[in-house]
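The chain contents come next:
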Amino acid sequence: MANHKSSIKRIRQDKKKALHNKYYAKTMRNAVRKLRATSEKDEAVKLYPLVQKMLDKLVKTNIIHANKAANLKSGLALHINKLA
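Residues numbered from 1 in each chain as written. Predicted model: local features only at pLDDT ≥ 70, side-chain atom pairs only at ≥ 80, totals over all residues. Heavy atoms only, no water.

Per an unreviewed UniProt entry, the recorded name for the chain is Small ribosomal subunit protein bS20, and the organism is Segatella bryantii. Quoted verbatim from the Function (unreviewed entry) field of the UniProt record, the comment on the chain reads "Binds directly to 16S ribosomal RNA." Its UniProt record, at the heading Sequence similarities (unreviewed entry), says of the chain: "Belongs to the bacterial ribosomal protein bS20 family." (UniProt positions renumbered as here; feature names shortened; annotations may be inferred.)

Below, the structure written as structure tokens:
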């Protein structure tokens with residue numbers, strides 16, 4: 001266990017940030033899942049900008065990698081284009 005006040009504080013902060021990041025990453029995964037599950041193009045087109053915005057925010061705060069977000073956005077765009 002850490003003995004310095006600063007390291008004890010850092011551990012506390014890291015736990016709080018990890019919980020915060022886990023919440024937003026899980027919320028993003030659920031949004032992507034919901035978009036992939038939609039079979040109506042109109043609904044998917046409405047959801048896509050919201051999911052895209054969410055992914056961009058997570059990249060900005062370094063919760064997910066930029067390439068992962070780009071990969072997800074690309075795959076979702078392909079999914080939407082395939083819908084009739």
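Having put the structure on the table, let's press on.
## With respect to the nonpolar core
With 16 residues, the main nonpolar core has Met-28, Val-32, Leu-35, Val-51, Leu-55, Ile-64 and Leu-76 as its most contacted residues. If one sorts the elements of this core by residue count, helix α2 (residues 41-60) sits on top with six residues. With residues near it in sequence (within four places) discarded, Val-51 still touches Ala-31, Val-32, Leu-35 and Leu-76. (Core = buried A, V, L, I, M, F, W, Y, C linked by side-chain atoms within 4.5 Å. Buried < 20%, exposed > 50% of the residue type's maximum accessible area, 1.4 Å probe, protein only. Helix = DSSP H or I, 4+ residues; strand = E, 2+ residues; numbered from the N terminus. Contact = heavy atoms within 4.5 Å.)

## Re unusual backbone geometry
Unusually for a residue other than glycine, Asn-62 sits at a positive phi of about 60°. Relative to the helices and strands, Asn-62 resides in the loop between α2 and α3 (66-82). Its relative accessible area of 68% is what places Asn-62 among the exposed residues.

## What to know about α2
For α2, which comprises 20 residues, the first-to-last C-alpha distance of 29 Å matches the rise-based estimate of 28 Å (1.5 Å per residue) to within 8%. Helix geometry: α2 is bent most strongly at Leu-47, by close to 30°, with proline Pro-49 lying one to four residues after it. Among the residues of α2, those classed as buried are Ala-44, Leu-47, Tyr-48, Val-51, Leu-55 and Leu-58. For α2, the secondary structure elements touched by its buried residues are α1 (5-37) and α3. Positioned one or two residues after α2, Asn-62 has a phi angle of 60°, which is positive. (Expected span 1.5 Å × (residues − 1). Bend = angle between axes of the 7 residues up to and from the residue.)

## Here's the deal with the side chain of Thr-38
By the secondary structure assignment, Thr-38 is in the loop between α1 and α2. Of note is the side chain of Thr-38, whose polar atom sits 2.6 Å from the backbone oxygen of Leu-35. Not counting chain neighbours up to four residues away, the residues in contact with Thr-38 comprise Glu-43, Ala-44, Leu-47, His-79 and Leu-83. (Polar contact = N/O pair within 3.5 Å; in protein donor to acceptor, adjacent residues only side chain to side chain.)

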